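What the coordinates show
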Amino acid sequence: MSATLTPRTRPAPHSAAAPVSPPGAPPRQPVWRRALGLGRAALTRTAAILVLLALWETAPRVGLADPVFLPPFSEVAAAWWELLVDGQLLDDARASLVRSLTGFGLAVALAVPLGLLIGWYKPVADLLGPVLEVFRNTAALALLPVFVLLLGIGETSKISIVLYACTWPVLLNTISAVRTVDPTLLKLARSVDLPPWRLFQKVILPASVPAVFTGIRLAGGVAVLVLVAAEMVGAKAGLGFLINNSQFNFAIPQMYAGILTVSALGVAFNQLLVALERRFTSWRTTA
């Protein structure tokens with residue numbers, strides 16, 4: 001008898017264009033669908049801004065606003081580009097960023113440790129409370145003439161006013177963060193006989209980080225706004241100087257270009273702080 005040979009069947013090789021998903025994993029979406037979803041999300045986020053810019057462009061051209069005092073957005077964009085090419089915008093933006101970041105950094109370095117100390121130790125809070133209560137209710141811009149008189153019109157007064165204005169959001173949020181830590185966490189930590197410094201390190205600090213970053217983000221917005229106002233007094237460079245000088249010379253498109261630059265820097269700085277907050281609070285579980 002002759003044996004019948006049955007040919008072996010080879011498994012079909014997987015196509016490189018269609019990788020096999022691991023068991024239990026959701027099916028991968030096509031590239032075009034993911035791109036469409038990203039484009040739709042980007043359009044949703046920018047739709048309101050695009051509508052605002054369209055209204056800005058249209059209103060002066062159809063007579064809804066005086067084009068002398070509110071030029072179309074295209075003219076403002078052209079003026080912004082001229083300032084950028086000329087180098088003046090970069091010089092002014094660099095001067096403002098150095099001042100605001102210096103004052104902001106000093107405020108964070110001073111206010112966070114002080115806020116932790118005041119929030120954790122009641123005797124320190126009782127001692128410094130009345131003084132802090134007086135100064136935190138005094139607006140930074142109301143003290144601008146005092147800073148100029150005492151420190152002059154140079155860099156020191158501008159950095160100092162930013163430092164003063166940024167200190168209070170960080171300080172008050174840090175104090176509140178320490179005082180509102182979940183009492184259950186404190187009881188559990190004390191039940192295992194943690195020494196005070198370990199309790200502070202393992203419980204108080206991690207629980208305070210989100211609220212502290214809220215104060216830091218508020219201070220980031222304050223740093224830019226207060227600095228622009230301070231640069232309108234006796235400055236020779238900076239975005240505040242650019243806006244004020246353009247107004248005096250009736251260069252209205254350049255004035256709006258400076259205002260837009262301030263807004264863009266504020267948004268970028270806030271996004272950077274949001275990214276840092278996510279980095280330092282990555283341990284938190286999201287609902």
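Residues numbered from 1 in each chain as written. Predicted model: local features only at pLDDT ≥ 70, side-chain atom pairs only at ≥ 80, totals over all residues. Heavy atoms only, no water.

So, the overall build of the protein
Heads up, the condition is: Each helix is a run of DSSP H or I of at least 4 residues and each strand a run of E of at least 2, with the numbering of both proceeding from the N terminus. Partly exposed describes any residue whose relative accessible area lies between the buried limit of under 20% and the exposed limit of over 50%, with all areas from a 1.4 Å probe on protein chains only and scaled to the type maximum. We call two residues in contact whenever any of their non-hydrogen atoms come within 4.5 Å of each other. Each accessible area is a Shrake-Rupley result for a 1.4 Å probe, and residues are judged covered by the shown protein chains and nothing else.
Counting secondary structure elements, the protein contains 10 helices and zero strands. Secondary structure elements in the protein, listed N-terminal to C-terminal, are α-α-α-α-α-α-α-α-α-α. Burial statistics for the protein: of 287 residues in total, 32% are counted as buried. Within the protein, counting contacts between residues at least 6 apart in sequence, those at least 24 apart form 71% of the total. Counting only carbon and sulfur atoms, one obtains 68% of the accessible surface of the protein, whose full area is about 18,600 Å².

Some words on the layout of surface pockets
For the record, the criterion: Cavity: a set of points on a 1 Å grid over the protein atoms alone where a 1.4 Å probe fits but cannot get out. Pocket: an open set with protein on both sides within 12 Å along at least five of seven lines, its lining residues, like those of a cavity, having an atom within 4 Å of a point. Grid points are joined across faces, edges and corners, and a volume is the space filled by probe spheres set on the points. All residues other than Ala, Val, Leu, Ile, Met, Phe, Trp, Tyr, Cys, Pro, Asp, Glu, Lys and Arg, Gly among them, are scored as polar; the first ten of these are nonpolar and the last four charged.
In this model, the largest pocket occupies a volume close to 320 Å³. If you trace the largest pocket, you find 13 residues lining it, with I49, L53, W56, F73 and L260 closest to the centre. Elements with a minimum of two residues in the lining of the largest pocket: α1 (31-61), α2 (73-86) and α10 (252-280). The dominant element in the lining of the largest pocket, judged by the number of residues it contributes, is α10, at five residues. Residue composition of the lining of the largest pocket, by class: 12 nonpolar, one polar and no charged. Approximately 150 Å³ is the volume found for the second largest pocket.

Brief notes about the pattern of salt bridges
Basically, it comes down to this: Salt bridges are counted wherever a side-chain nitrogen of Lys or Arg sits within 4 Å of a carboxyl oxygen of Asp or Glu.
For the coordinates displayed, the defined rule picks out seven salt bridges. In this structure, the salt-bridge partner of E57 is R61, at a minimum N-O distance of 2.7 Å. Of the two residues, E57 and R61 both sit in helix α1, four residues apart, roughly one turn of that helix. For E155, the salt bridge identified is with R99, shortest N-O distance 2.8 Å. Linking E155 in helix α6 (residues 155-179) with R99 in helix α3 (residues 88-120), this pair joins segments that are 56 residues apart in sequence. For R99, a relative accessible area of 5% puts it in the buried group. Here the salt bridges do not stand alone but share partners, grouping R99, E155 and E231 into one network.

Quick word on the confidence of the model for the protein
Reading predicted coordinates in detail is not appropriate for stretches of low pLDDT. Under the convention used in this document: Values of pLDDT, which run from 0 to 100, indicate the predictor's confidence residue by residue.
The predicted model of the protein averages 80 in pLDDT, with 82% of residues at 70 or higher. Mean pLDDT values over the elements of the protein span from 71, in helix α7 (residues 183-191), up to 92, in α2. Contacts from residues 14-18, a stretch scored under 50 in pLDDT, to residues over four places away or in other chains number one contact.

A closer look at unusual backbone geometry
Positive phi is not limited to glycine here, since F250 has a value of about 55 degrees. Mapping F250 onto the fold places it in the loop between α9 (239-248) and α10.

So, the environment of L239
With respect to the element layout, L239 can be found in helix α9. In this structure, the C-alpha to C-alpha distance between L239 and L90, residues 149 residues apart in sequence, is 9.5 Å. When near neighbours in sequence (up to four residues on either side) are disregarded, L239 contacts L89, D92, A93, S96, E231, T261, V262 and L265.

Observations concerning a nonpolar patch on the surface
Under the convention used in this document: Note on patches: the residues involved have over 30% relative accessible area and no salt bridge, like charges join within 9 Å, and the nonpolar side chains Val, Leu, Ile, Met, Phe, Trp and Tyr join within 5 Å.
A cluster of nonpolar residues, V146, L149, L150 and L151, forms a patch on the protein surface that exposes about 430 Å² of accessible area. Inspection of the secondary structure assignment puts V146 in helix α5 (residues 144-151). Using a relative accessible area of 39% as the deciding quantity, one classes V146 as partly exposed.

A short note on the packing of α3 against α9
Condition: Inter-axis angles, ranging from 0 to 180 degrees, are taken between N-to-C directions of lines fitted to C-alpha atoms, where helices are fitted over the stretch in contact. Angles are sorted into four bins: roughly parallel if under 35 degrees, roughly antiparallel if over 145, roughly perpendicular if 65 to 115, and oblique for all others.
Look at α3 against α9: their axes get within 7 Å of each other, and the N-to-C directions meet at 130 degrees. Considering their axes alone, α3 and α9 lie oblique with respect to each other. On α9, the residues touching Q88, L89, D92, A93 and S96 of α3 are L239, F241 and L242.

Quick notes on the side chain of K158
To keep it simple, the criterion reads: Lys and Arg are tallied as positive, Asp and Glu as negative. Neither His nor the chain termini are counted.
Checked against the element boundaries, K158 lands in helix α6. The buried charged residue K158 lacks any salt bridge, with E155 as its nearest oppositely charged partner at 5.8 Å. Discounting residues that sit within four places of it in the chain, K158 has contacts with R99, I153, L227, A230, E231, V233, G234 and A235.

Things to note about the packing of helix α4 (residues 122-136) against α6
Axes are the key here: two packed helices are described by the angle between their axes and the distance separating the axes. The criterion, for reference: Left-handed is the label given to a crossing in which the near helix is rotated counterclockwise from the far helix by less than a right angle, and right-handed is the label when the rotation is clockwise.
Running from N to C, α4 and α6 point in directions that differ by 140 degrees, and their axes come no closer than 12 Å. Looking at the two axes, α4 sits oblique to α6. When the axes of α4 and α6 are compared, the crossing they make is left-handed. Across from A125, L132, F135 and R136 in α4, the residues of α6 making contact are Y164, W168, L171, L172 and R179. Each residue belonging to the contact of α4 with α6 can be placed in one class, and the counts come to seven nonpolar, no polar and two charged.

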